[in-house]
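One-letter residues, chain by chain:
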Amino acid sequence: DAEITQSPRHKITETGRQVTLACHQTWNHNNMFWYRQDLGHGLRLIHYSYGVQDTNKGEVSDGYSVSRSNTEDLPLTLESAASSQTSVYFCASSEVVGTEAFFGQGTRLTVV
Amino acid sequence: GIQVEQSPPDLILQEGANSTLRCNFSDSVNNLQWFHQNPWGQLINLFYIPSGTKQNGRLSATTVATERYSLLYISSSQTTDSGVYFCAVGSLLNDYKLSFGAGTTVTVRA
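Residues numbered from 1 in each chain as written. Chains lettered and ligands numbered in written order. Predicted model: local features only at pLDDT ≥ 70, side-chain atom pairs only at ≥ 80, totals over all residues. Heavy atoms only, no water.

1. Let's talk about the packing of aromatic side chains
Note on aromatic pairs: each is described by the distance of the centres and the angle between the planes. Stated formally: Any Phe, Tyr or Trp ring, taking Trp's six-membered ring, that has another such ring centre within 6.5 Å forms a pair; planes under 30 degrees apart are called stacked, those over 60 apart edge-to-face, and the others tilted. In this description a helix means any DSSP run of H or I spanning at least four residues, a strand means any run of E spanning at least two, and both kinds are numbered starting from the N terminus. Summary of the burial criterion: residues with accessible area below 20% of their type's maximum are buried, those above 50% are exposed, and those between are partly exposed, where the area comes from a 1.4 Å probe applied to protein chains only.
According to the stated counting rule, one finds twelve aromatic pairs over all chains in the structure shown. Where Phe33(A) meets Tyr48(A), the ring centres are 6.3 Å apart and the plane angle is 20°; that geometry is what we call stacked. Of this pair, Phe33(A) sits in strand 4 (residues 31–38) while Tyr48(A) sits in strand 5 (residues 42–51); the two residues are 15 residues apart in sequence, bridging distant segments of the chain. With a centroid separation of 6.1 Å and an interplanar angle of 75°, the aromatic rings of Phe33(A) and Tyr50(A) are classed as edge-to-face. In this pair, Phe33(A) sits in strand 4 while Tyr50(A) sits in strand 5, placing the two residues 17 residues apart along the sequence. The class for Phe33(A) is buried, based on a relative accessible area of 6%. Exposure remark for Tyr50(A): the relative accessible area of 21% places this residue in the partly exposed category. By way of ring pairs, the aromatic residues Tyr35(A), Phe90(A), Phe103(A), Phe35(B), Phe86(B) and Phe100(B) are connected into one cluster.

Below is the structure:
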């Protein structure tokens, strides 16, 4: 079955380190998204992509970057991890704009 | 961006009870989804419902796009219905990005 997978599921890293979270989908969806979920803030959009080589900033993009070199993957990089980036990160994809989005299992990141 | 408000913020139910969750949004939308986040943190798709009514087992949803609200109905609730229910909307005006409400936390007691 087609799916969307995130790795790792859990990660602990130190302040200042570069961290990359992986997101891979096998639906051949054009659109991919990264969200973070924090208590009191719900899910907030970090970055999104509507196709290969397309990337766009969301509402909380500072300190994060993404690149889209193929349809299947949208890795999220924290350039220099900060304690404020401790969160649960979700990746999502949808076939075309405005259609149903599906989420991965989430990655719990702790920055110490 | 689009504002999404969900009510009530918390709901405690006895097993077998029925309930209604509400989602209000501030602008016209092209996409509206309801999700259930289970106690393990997974986001489960319930409905893709930018307009109209859909049913899936004990759950149903109605979106009245012209009045900018959606309702999620849970009938004969079970303990497995516990978790957080999110409404998320997307619009051409917001580049189709999904904006989430704060969620309704549902606790079903046996």
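Back to the text.
2. A closer look at the nonpolar core
For clarity, the threshold we go by: To define a nonpolar core, start from buried Ala, Val, Leu, Ile, Met, Phe, Trp, Tyr and Cys residues and group those joined through side-chain atoms within 4.5 Å. Throughout, a residue-residue contact means that at least one pair of heavy atoms, one from each residue, lies within 4.5 Å.
Of all hydrophobic cores here, the largest spans 22 residues; its most connected members are Leu21(B), Trp34(B), Leu72(B) and Val89(B). For this core, the elements supplying multiple residues, two or more each, are strand 2 (10–14), strand 3 (19–25), strand 4 (31–37), strand 5 (43–48), strand 7 (59–64), strand 8 (69–74), strand 9 (83–90) and strand 11 (104–109) of chain B. Apart from residues no more than four positions distant in its own chain, Leu72(B) is found in contact with Ser19(B), Thr20(B), Leu21(B), Trp34(B), Leu46(B), Phe47(B), Ser60(B), Ala61(B) and Tyr85(B). Among the nonpolar cores identified, the runner-up in size contains 18 residues, and Leu21(A), Cys23(A), Ile46(A) and Tyr64(A) belong to it.

3. Overview of the pattern of salt bridges
Residues and elements named next belong to chain A. Our working definition: What makes a salt bridge here is a side-chain nitrogen of Lys or Arg within 4 Å of a carboxyl oxygen of Asp or Glu, nothing more.
A complete count under the given rule lists four salt bridges over all chains for this structure. The partner of Arg36 in a salt bridge is Asp38, with the nearest N and O atoms 2.8 Å apart. A single burial state applies to Arg36 and to Asp38, both of which are buried. Put simply, Arg36, Asp38 and Arg44 are held in one network by salt bridges that share partners.

4. Comments concerning unusual backbone geometry
Omega for the peptide link from Ser7(A) to Pro8(A) comes to -5°, which places this bond in the cis form. Its place among the elements puts Pro8(A) in the loop between strand 1 (4–7) and strand 2 (10–13). Geometrically, the link from Ser7(B) to Pro8(B) is a cis peptide bond, its omega value of -10° lying close to zero. Despite not being glycine, Arg68(B) shows a phi value in the positive range, around 60°.

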